[in-house]
Every structure is written in structure tokens, then in C-alpha cells.
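Structural characterization, general
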Amino acid sequence: MPKTIDVEKLSIVHYPHPVLRKACQPVEQFDDQLRRLAARMLELMHLGRGVGLAAPQVGLTWRLFVCSHTGEPGDDLVLVNPELFDLTGVGEREEGCLSLPGVSVPVRRASSVRIQACDLEGNPFEREGTDLAARVWQHEHDHLDGRLIVDYMSEASKIINRRILKQLQADYENGQKKSA
Ligand code: ZN
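Reference entry: report on the structure contained in this document. Everything quoted here is computed from the prediction, not taken from an experiment.

Definitions and limits used
Residues numbered from 1 in each chain as written. Predicted model: local features only at pLDDT ≥ 70, side-chain atom pairs only at ≥ 80, totals over all residues. Heavy atoms only, no water. Donors = N, O, S within 2.8 Å, 3.2 Å for Na, K, Ca; no water. Helix = DSSP H or I, 4+ residues; strand = E, 2+ residues; numbered from the N terminus. Buried < 20%, exposed > 50% of the residue type's maximum accessible area, 1.4 Å probe, protein only. Pairing = 2+ DSSP bridges. Axes fitted to C-alpha atoms, helices over the stretch in contact; angles between N-to-C directions. Contact = heavy atoms within 4.5 Å. Core = buried A, V, L, I, M, F, W, Y, C linked by side-chain atoms within 4.5 Å. Polar contact = N/O pair within 3.5 Å; in protein donor to acceptor, adjacent residues only side chain to side chain.

Attention now goes to the coordination of the zinc ion. Around the zinc ion, the protein contributes the donor atoms Cys97 (SG), His139 (NE2) and His143 (NE2), which lie 2.0 to 2.2 Å from the metal centre. Here the donor residues of the zinc ion are spaced in sequence according to C-x41-H-x3-H. Pair noted here: His139 and His143 are both in helix α2 (residues 131-144), with a separation of four residues, about one helical turn. Assessed through its relative accessible area of 8%, His139 is described here as buried.

On the basis of which strands lie adjacent, the open sheet formed by five strands has the order β1-β2-β3-β6-β7 and antiparallel pairing. Both outer strands of the open sheet, β1 (52-54) and β7 (124-130), are each paired with one neighbouring strand and no more. In this sheet, neighbouring strand axes are inclined to one another by 40° on average, regardless of whether the strands run parallel or antiparallel. Pairing of strand β6 (residues 112-118) with β7 involves seven bridges; the strand directions are antiparallel. Bridged to Ala117 within β7 is Phe125. Against the sheet, helix α1 (residues 32-47) engages β1, β2 (64-67) and β3 (77-88), with an angle of about 45° to β2.

Within the fold, Gly129 resides in strand β7. With relative accessibility at 3%, the residue Gly129 sits in the buried group. Linking Gly129 and His139, residues 10 residues apart in sequence, is a C-alpha distance of 13 Å. If sequence neighbours within four positions are ignored, Gly129 has contacts with Ser111, Ser112, Val113, Ala134 and Trp137.

Before going further, it helps to spend a moment on the pairing of β6. In regular strands, side chains alternate between the two faces of the sheet. Among the seven residues that make up β6, five are buried, leaving the element largely enclosed by the rest of the structure. Bridge analysis of β3 against β6 gives five bridges, and the strand direction is antiparallel. Paired with Val80 across the strands is Cys118, a residue of β6. Counted along the chain from β6 to the antiparallel partner β7, the turn is five residues long, and its residue Gly122 has a positive phi close to 90°.

This next bit is on the side chain of His143. Given the relative accessible area of 1%, His143 is considered buried. In this structure, His143 is in contact with Lys22, Cys24, Ala54, Pro56, Gln57, Cys97 and Leu148, ignoring residues within four places of it in sequence.

Moving on, we come to the nonpolar core. With 23 residues, the main nonpolar core has Leu37 and Leu64 as its most contacted residues. Where this core is concerned, the elements lending two or more residues are α1, β2 and β3. If you tally residues by element for this core, the top one is α1, at seven residues. Those residues within four positions of Leu37 in sequence are excluded, and the remaining contacts are Val7, Leu10, Val58, Leu60, Trp62 and Leu64.

Between the C-alpha atom of His139 and that of Leu53, which follows or precedes it by 86 residues, the distance is 9.4 Å. The contacts of His139, once residues within four sequence positions are left out, are Glu95, Gly96, Cys97, Arg109 and Ile149. Here Glu95 takes part through its side chain, which lies 2.8 Å from a polar atom of the side chain of His139.

Now the structure itself:
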């Protein structure tokens, strides 16, 4: 694992921050820092009332995401180096993203998937998910390859979201100016 990270200082980065477009690297060290990072990501996810959060959304290009498809802490799940397979069925539903506040896009995804990942101790496990769980895993897995819900926008959806995307762009540019 690269540098030491102050996990308490991590916050959710918003579109169009370039880190959201990076392909993430596999996690190699299952250490205390990784566990503290996952705990912080779960905290940020719940604070934002989200159902998933991927490492690039806190500025780290690691293949890791946390989720709770019900939004309840009892369903918290941490997936390190996740791989999806056996994608079957298809369904469409509106999706939001903690990195794109206010944006909602109908996205077609497989309605059933299997996922293989490691837990925080580095132990591999496998799960099957349907409907919302399958959708959350596919959304979060997309983040690890730099893919966002805006990439699924139809022409109609682009028009609907045009103003909010412009605002996010302006907010990002203003933030850059302040930190420069
Ligand atoms: Zn997202």
C-alpha cells in the first residue's frame, strides 16, 4: 500500500474530479490502514445516506468498495479486489451517486450477478446478488474502472441533468481555484 493515509480527513469527491475516471489498482496489503479506511468509507456512505461507496470516491485508486444495499448498517459489506461474473437478466432503474449529488440516471444492468472478493483479512469469499444488491455491486464495480452513471445517459437524460452537471462542473472549478 502506498502512502500513509489520514482516514479521518477523507471526504467524498464530486464529479468531475479526475480521480473518478482512473482505473484502480488491486489492493495488496490487508493491514490496519485498510481496515480503518473501510470503516471510514462506511461512515461516509451512511452519512451521505448512500448504499455504496468506492475507493476512488474518497480519492484513492484502489480496488475496494463498501456497500449496504438496504442502507442499514447490519447489511454493511466490504469488498476488496471484487470481480463480477455470471451476469444474467436485465433491469432498468434510476441510479444516483454520492459523487454526483442531484443527478439521477436510468441504468440498465444485469438483475443477477455473482461476486468474488476478499474481506479485510484477505480471505476470499463469494456471494450471489439479485435486484438492488446486484445493481449496487455493478455500480460500485464500475467506479473501480473509472465508469460513472453519466456514461449511461440517454439524450433525454442528458437534457434532464444538464443544469445540475453544469453546476457540479462550476463547483469543482471554484474548489480548484480556492485550493490553488
Ligand atoms: Zn457512485
